[in-house]
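Spelled out from the first residue to the last, the chains are:
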Amino acid sequence: MKTVGAIVAGVVALFLTIAQFGTAGWTRPPMLNQQHGFRGTGMDVIQTKAGAAEIKAANVAPVPADPVEAGTDKAGAVYENVKVLQDLPVEEFNRLMVSMTEWVSPQQGCTYCHNTENMADDSLYQKRVARRMLQMTQHINTDWKEKHVGEAGVTCYTCHRGNPVPAQIWFDAPSPTRGFIARNNGQNLATPSTGLASLPYTYLQDYLARPDPDQGAIRVNATTALPESPGKPIQAAERTFALMIHMSESLGVNCTYCHNTRAVAEWSQSAPQRTLAWHAIRMVRDLNANYLTPLTSVFPASRLGPKGDAPKLNCATCHNGQSKPLGGAHVVEAYPELAVAPATTSGPQGVPAPAAQ
């Protein structure tokens with residue numbers, strides 16, 4: 001009986017082996033390999049052709065609105081309560097408003113931000129937020145042009161993708177557990193933001209929420225051969241790795257997109273993208289601290305996070321899985337009014353103060 005069972009088991013195993021070798025699961029899918037670093041260092045971006053095509057299809061820049069012949073009347077003189085684009089010709093102003101509707105609220109239409117019985121009315125919070133977001137867009141396209149966004153620039157669509165609320169936003173994470181529950185030290189929860197790893201889940205607020213240049217210095221190794229001062233705790237290294245995972249997944253790349261893995265910390269052996277990423281971190285801090293967090297009192301409670309904080313942006317908000325948002329399309333060229341420095345009042349670093357709302 002045992003012999004019969006052994007024969008049956010052997011036959012089954014043979015058929016399963018043949019079936020495995022004959023299925024598509026054993027065939028490597030067509031791959032795309034793009035070298036962007038030093039030769040022989042493995043600094044390549046590797047994707048499946050199907051995956052690359054899917055990401056590309058999901059990141060197509062919209063066709064710009066048809067150009068208009070600008071007149072002499074300014075929007076601020078024709079319309080009431082125009083505070084950001086008052087010097088824009090009326091025709092250009094209307095063109096931008098139509099485009100913004102398509103970028104942000106194609107289903108809701110103009111009524112998402114405006115009381116159509118009184119377009120000057122500011123009672124809808126969406127209008128006050130949109131006004132500040134216009135200033136933020138202008139700030140990105142001017143003050144961060146050389147350091148990060150380049151000639152491509154950004155528009156409302158870069159983040160919103162046809163949705164009133166961008167898909168990739170974040171709120172402050174819950175506080176580490178205390179009391180009778182075992183303290184989790186702000187980690188050991190397999191959250192999507194950390195690639196389902198058990199790394200600290202507070203890294204976004206630690207590294208991307210405030211503009212202070214020294215806040216939570218991001219490094220995992222010393223700068224000298226021997227320690228000269230108290231070192232960084234292991235938690236700092238874990239938070240750094242969590243941020244790196246976030247940046248990698250947000251851009252759809254791996255570590256070698258910025259780093260030469262034979263000398264990860266060495267800037268002279270890193271790809272130029274690492275410098276762009278360095279500036280990107282500081283740009284995100286600037287935008288969160290000076291534009292989004294100050295809107296906390298403007299947003300209704302239903303739009304705030306569990307801890308009462310305003311929605312904030314991160315790398316994924318613009319990139320959406322691509323190394324260059326919208327495939328690097330120069331989206332701001334058709335809307336030069338979004339590449340004009342915003343009017344300044346008393347905000348930090350030339351940023352308009354929230355009072356300008």
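Given the structure is predicted, the values throughout are model-derived calculations rather than measurements.

Explain the packing of aromatic side chains to me, and be specific about the residues and the numbers.
In the structure shown here, the tally under the stated rule is three aromatic pairs. Between Tyr79 and Phe93, the ring centres sit 5.6 Å apart and the planes meet at 40°, which makes this aromatic pair tilted. Residue Tyr79 is found in the loop between helix H3 (75-78) and helix H4 (90-104), and its partner Phe93 is found in helix H4; the two are separated by 14 residues along the sequence. Over the face of the ring belonging to Tyr335 we find Arg95, whose NZ or CZ atom lies 4.4 Å from the ring centre. Positioned over the ring face of Trp144 is Lys147, at 5.7 Å from the centre of the ring.

Break down the environment of Pro67 for me, with residues and values.
Here Pro67 shows up in the loop between helix H2 (49-57) and H3. Distance in space between the C-alpha atoms of Pro67 and Glu91 is 9.5 Å, their sequence separation being 24 residues.

Please give an account of the UniProt feature "binding site: heme 2" (unreviewed entry) in the protein chain that cites residues and values.
Sites flagged by UniProt as "binding site: heme 2" (unreviewed entry) map to Met133, Cys156, Cys159 and His160. Spanning 28 residues, the named residues nonetheless gather at one spot, since no C-alpha pair among them exceeds 11.4 Å. Tracing the backbone shows Cys156 in helix H7 (residues 156-160). Look past the residues within four positions of Cys156 in its chain and what remains in contact with it is Met100, Trp103 and Val104. Summarising the element assignment, Cys159 is placed in helix H7. Judged by relative accessible area, Cys159 falls into the buried class, the value being 17%. Cys159 has contacts with Pro166, Thr317 and Cys318, leaving out every residue within four places of it along the chain.

Tell me what's going on with the pattern of salt bridges, and back it up with residues and numbers.
What the rule picks out here adds up to seven salt bridges. Glu92 is the partner of Arg95 in a salt bridge, and the nearest nitrogen-oxygen pair spans 4.0 Å. You can see Arg95 and its partner Glu92 sitting in helix H4, three residues apart, about one turn around the helix. Overall, Arg95 belongs to the buried group, its relative accessible area being 9%. Classification of Glu92 as buried rests on a relative accessible area of 19%. Within this structure, Asp122, Lys127 and Arg131 form a network of salt bridges that share partners.

For the UniProt feature "binding site: heme 1" (unreviewed entry) in the protein chain, give the residues involved together with the corresponding values.
Taking the UniProt record as the reference, the feature "binding site: heme 1" (unreviewed entry) is found at Met97, Cys110, Cys113 and His114. Of the residues just listed, which span 18 residues, no C-alpha pair is farther apart than 11.1 Å, and they cluster in one region. Looking at where Met97 falls in the secondary structure, it is placed in helix H4. By relative accessible area, which is 23% here, Met97 ends up partly exposed. Relative to the assigned elements, Cys110 resides in the loop between H4 and helix H5 (125-143). Using a relative accessible area of 44% as the deciding quantity, one classes Cys110 as partly exposed.

Please give an account of the confidence of the model for the protein chain that cites residues and values.
Residues at a pLDDT of 70 or more form 88% of the protein chain, whose mean pLDDT is 85. With pLDDT under 50 throughout, residues 345-357 is counted as low confidence; its partners more than four residues away or in other chains account for 32 contacts.

So what about the nonpolar core? Which residues, and what values?
By size, the foremost hydrophobic cluster in this structure holds 39 residues, and its most contacted members are Val129, Met136, Ile140, Leu208, Leu243 and Leu287. A total of seven residues in this core trace back to one element, the largest contributor, which is helix H10 (residues 272-292). Aside from chain neighbours lying at most four places away, what touches Met136 is Leu287, Tyr291 and Leu313. By size, the runner-up hydrophobic cluster in this structure holds 18 residues, among which are Ala75, Val104, Tyr157 and Val331.

Describe H5, and please don't skip the residues or the numbers.
Between its terminal C-alpha atoms H5 stretches 27 Å, which fits the 27 Å expected from 19 residues at 1.5 Å a residue. Of all 19 residues making up H5, 16 are buried, and the element is well covered by its neighbours.

Procedures and definitions
Residues numbered from 1 in each chain as written. Predicted model: local features only at pLDDT ≥ 70, side-chain atom pairs only at ≥ 80, totals over all residues. Heavy atoms only, no water. Phe/Tyr/Trp six-rings, centres within 6.5 Å; stacked < 30°, edge-to-face > 60°. Helix = DSSP H or I, 4+ residues; strand = E, 2+ residues; numbered from the N terminus. Lys NZ or Arg CZ within 6 Å of the ring centre and 35° of its normal. UniProt positions renumbered as here; feature names shortened; annotations may be inferred. Contact = heavy atoms within 4.5 Å. Buried < 20%, exposed > 50% of the residue type's maximum accessible area, 1.4 Å probe, protein only. Salt bridge = Lys/Arg side-chain N within 4 Å of Asp/Glu carboxyl O. pLDDT = per-residue confidence, 0-100. Core = buried A, V, L, I, M, F, W, Y, C linked by side-chain atoms within 4.5 Å. Expected span 1.5 Å × (residues − 1).

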